[in-house]
Amino acid sequence: MLIIKNEQQNLYAFQDIHAHSAVISWYAKGRDYHKVLRKQLLLLAQKIQDYIEQLPINSCLKNSLQFNYRIFTDSAPIMEVELAQKGGLGWRGKHTLLINPSFGSLFFLGGMLTNIPFAVDDAMPNHCGTCNKCMQICPTQAIIAPYQLDARKCISYLTIEHDGAIPLEYRAAIGKHVYGCDECQLVCPWNKFAKKSLIADFKPRNYPQSIIELWLWTEQNFLHKTEGSAIRRIGYQKWRRNLTVVMGNYVRELTKQNKLQDVHNVKQLLFDALSNLNGINTNEANENNIENAILNVNNHAMVKEHIVWALEQ
Ligand code: B12
Ligand code: SF4
Ligand code: SF4
């Protein structure tokens, strides 16, 4: 098993996320890690092959050392974290992810199954100690006990893997997370040791931070800007669904801060989107019009239903 760092550094500088910013998980800001890791693993396989070829042994023996391998990263039914832990690459934190004392946990795992027998390293002792910061910070209380995650509650699952409507009970807790979640890792003291990746493909793209700017992306913008990124995998509908939840949470926050003009502006955008989906011209998003629009949504398609929820915040 291998640890491959992604572009995550100076994490503590990013914790103070601007009030108007949406949050995209660090792991998804660069090129899709499946593609990047595949390339790195193939390079490693080539190195092993080259090494075998230059061994000072006769060609008959060399031929018998036929190097067979299969690389994987999330692409085979293999328990990667468990294998990496057993192979001495780190310990499993209470958030269930692998932590390495020199890199923290903000990395990907990739592996290779091969017929070449490698020496096995000893497993590392666990250094979480009495800390439970990850459990305390988890917005949806998905870490139900140390080392146990209820994936159905995890924002990463809800915003990326889950199809259909996001259950009502998690919408407020999702906050500004539009794709994935890093909260349990950002709070982990071991990520003070996170290091910058040297792989150019992981360089974060210049996605807009503004919730409104992201909301105004058309499907074409979405497909274009997320080309080669893991984000594209969820498709525009789910992206829009997630953003709608973020917009609803934004409305609630602005209301609490009594920023009434901003509340009106955000609701107008939601209302415009709802009108568009209903195939009618938009009007001013005043209380009456919003109420009528909500009542007239007879076909509660996924995004429409989320918009209605957001307007009700
Ligand atoms: C499914 C999955 C998810 C699910 C569930 C994650 C989870 N922690 O269970 C969801 C969608 C929520 C998810 C989220 C994330 N994921 Co994910 N995910 C996977 C995936 C594809 C499979 C994991 C899995 O379910 N394996 C099968 C189970 C059976 O194995 P296991 O969890 O190791 O279980 C063993 C033990 O934990 C134990 N066990 C498990 N449950 C229980 C219960 C009890 C009672 C007991 C006693 C024991 C026990 O026994 C099992 C057998 O030994 C792996 C890639 C892979 N193939 O491993 C990536 C992987 C774990 N994910 C990864 C990442 C980066 C993330 C996110 C950070 C992404 C993000 N920023 O949004 C989040 C982090 C959330 C978190 N705190 O875990 C990385 C982790 C890198 C690292 N440092 O460890 C991986 C390895 C992908 C990769 N190739 O890099 N993920
Ligand atoms: S990724 Fe977010 S939601 Fe999932 S366990 Fe970590 S903090 Fe909780
Ligand atoms: S935050 Fe604390 S308990 Fe959680 S994984 Fe990190 S060291 Fe372990």
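Counting restarts for each chain: residues are numbered from 1 in the order of the written sequence. Chain A is the first chain written and ligand 1 is the first ligand written, with later ones labelled in order. Only residues with pLDDT of at least 70 are given local features in this predicted model, and only at 80 or more are side-chain atom pairs given and counted; all residues enter the totals for whole chains, interfaces and linings. Just so you know, side-chain values use all the structure's heavy atoms and leave hydrogens and water out.

The next subject is the overall build of the protein. A run of H or I in DSSP becomes a helix once it reaches four residues, and a run of E becomes a strand once it reaches two; helices and strands are each numbered from the N terminus. Summing up its helical and strand segments, the protein has 13 helices and nine strands in all. Judged by the C-alpha coordinates and their principal axes, the protein covers about 85 × 45 × 30 Å. Burial classes: relative accessible area under 20% of the type maximum marks a residue as buried, over 50% as exposed, and values in between as partly exposed (1.4 Å probe, protein chains only). Across the 313 residues of the protein, 46% fall into the buried class. By the convention used here, residues are in contact when the closest approach between their heavy atoms is within 4.5 Å. Taking as baseline every contact in the protein between residues at least 6 positions apart, the subset at least 24 positions apart corresponds to 69%. Only carbon and sulfur atoms are counted for the fraction: they give 52% of the accessible area of the protein, which is about 16,700 Å². Distance between charge centroids for the protein: 4 Å, based on 33 positive and 28 negative side chains. For every accessible area listed, the method is Shrake-Rupley and the probe measures 1.4 Å; residues are considered covered only by the protein chains on display. All tallies of charge rest on Lys and Arg as positive and Asp and Glu as negative; His and the ends of each chain are not included. The atoms used to mark charge sites are NZ of Lys, CZ of Arg, CG of Asp and CD of Glu.

To continue, consider the site of ligand 1. Close contacts around ligand 1 come from 30 residues, with Asp 74, Glu 80, Arg 92, Leu 98 and Ser 156 the closest. Of all the secondary structure elements, the ones that give two or more residues to the shell around ligand 1 are α3 (80-86), β6 (107-114), β8 (148-149), α5 (155-161) and α7 (183-186). It suffices for a single heavy atom of a residue to lie within 4 Å of a molecule or strand for the residue to be listed as near it.

Note that an α-helix has 3.6 residues per turn; residues three or four places apart therefore point the same way. Its 19 residues give helix α11 (residues 260-278) an end-to-end C-alpha distance of 26 Å, which sits within 8% of 27 Å, the value for a rise of 1.5 Å per residue. Among the residues of α11, those classed as buried are Val 263, Val 266, Lys 267, Gln 268, Leu 270, Phe 271, Ala 273, Leu 274 and Ser 275. Positive phi shows up at Gly 279, right after α11, with a value of about 70°. Expected span, for any helix, means 1.5 Å times one less than how many residues it has.

Right, let's get into the site of ligand 2. Inspection of the region around ligand 2 gives Cys 138, Pro 139, Thr 140, Ile 143, Leu 149, Cys 154, Ile 155, Cys 181, Glu 183 and Cys 184 as its neighbouring residues. Just so you know the grouping, Ala, Val, Leu, Ile, Met, Phe, Trp, Tyr, Cys and Pro go in nonpolar, Asp, Glu, Lys and Arg go in charged, and all remaining residues, Gly too, go in polar. Taken together, the residues of the shell around ligand 2 sort by class into eight nonpolar, one polar and one charged.

For helices, the axis comes from a line fit to the C-alpha atoms of the stretch in contact; other axes are also lines fit to C-alpha atoms, and the angle between any two N-to-C directions lies between 0 and 180 degrees. Close contact between helix α10 (residues 235-256) and α11 brings their axes to 9 Å; oriented N to C, the two are set at 155°. If you check the angle between α10 and α11, you find them roughly antiparallel. Note on packing geometry: the crossing formed by α10 with α11 is left-handed. Contact residues: Arg 240, Thr 244, Met 247, Tyr 250, Val 251, Leu 254 and Thr 255 in α10; Asp 262, Val 263, Val 266, Lys 267, Leu 269, Leu 270 and Ala 273 in α11. Class assignment of the residues belonging to the contact of α10 with α11 gives a composition of nine nonpolar, two polar and three charged. Under this scheme an angle from 65 to 115 degrees is roughly perpendicular, one under 35 degrees roughly parallel, and one over 145 degrees roughly antiparallel; angles in between are oblique. Should the near helix be turned counterclockwise from the far one by less than a right angle, the crossing is left-handed, whereas a clockwise turn marks it as right-handed.

For salt bridges, the criterion is a side-chain nitrogen of Lys or Arg within 4 Å of an Asp or Glu carboxyl oxygen. Inspection of every chain in the model, using the stated rule, returns eight salt bridges. For Glu 82, the salt bridge goes to Lys 86, with nearest N and O atoms at 3.5 Å. You can see Glu 82 and its partner Lys 86 sitting in helix α3, four residues apart, about one turn around the helix. Taking the relative accessible area as the measure of exposure, Lys 86 reaches 51% and is therefore exposed.

Attention now moves to the packing of aromatic side chains. By convention, a stacked pair of Phe, Tyr or Trp rings (six-membered ring in the case of Trp) has centres within 6.5 Å and planes under 30 degrees apart, an edge-to-face pair has planes over 60 apart, and any other such pair is tilted. Applying the stated criterion to the full structure yields twelve aromatic pairs. Plain terms: the ring middles of Trp 217 and Trp 239 are 5.6 Å apart, the flat faces sit at 20° to each other, and that makes the pair stacked. Of the two residues, Trp 217 sits in the loop between α8 (211-215) and α9 (219-225) while Trp 239 sits in helix α10, which places them 22 residues apart along the sequence. For the pair shown, Trp 217 and Trp 239 are each scored as buried. Members of the aromatic cluster, joined through ring pairs, are Tyr 27, Tyr 33, Phe 108, Tyr 179 and Phe 202.

We now examine the environment of Gln 220. Position of Gln 220 among the secondary structure elements: in helix α9. What makes Gln 220 exposed here is its relative accessible area of 61%. Residues Gln 220 and Tyr 236, 16 residues apart in the sequence, show an inter-C-alpha distance of 9.1 Å.

This brings us to the nonpolar core. Looking at soluble globular proteins, one finds that nonpolar side chains tend to be buried together. Within the largest apolar cluster, 54 residues are counted, with the highest numbers of intra-cluster contacts made by Tyr 179, Trp 239 and Leu 270. The element that contributes the greatest number of residues to this core is α10, accounting for nine residues. Every residue in contact with Trp 239, bar those within four places of it in the chain, is listed here: Ile 24, Val 178, Leu 214, Trp 217, Phe 222, Ile 231 and Ile 234. Residues enter a nonpolar core if they are buried and are Ala, Val, Leu, Ile, Met, Phe, Trp, Tyr or Cys, with the set joined through side-chain atoms within 4.5 Å.

Our focus in this paragraph is unusual backbone geometry. When glycine is set aside, most residues are seen to have a negative phi, and most peptide bonds are trans. For Thr 96, which is not a glycine, the phi torsion comes out positive at approximately 85°. Its place among the elements puts Thr 96 in the loop between β4 (91-92) and β5 (98-99). At Asn 258, a residue that is not glycine, the phi angle is positive and equals roughly 60°. Following the sequence through the fold, Asn 258 ends up in the loop between α10 and α11. Asn 258 sits in the exposed class, given a relative accessible area of 55%.

With six of eight residues buried, β6 lies mostly within the body of the structure. Strands qualify as paired when DSSP identifies two bridges or more between them. Alignment of strand β3 (residues 69-72) against β6, held across four bridges, turns out to be antiparallel. Its bridge partner being in β6, Ile 71 is matched across the sheet by Met 112.

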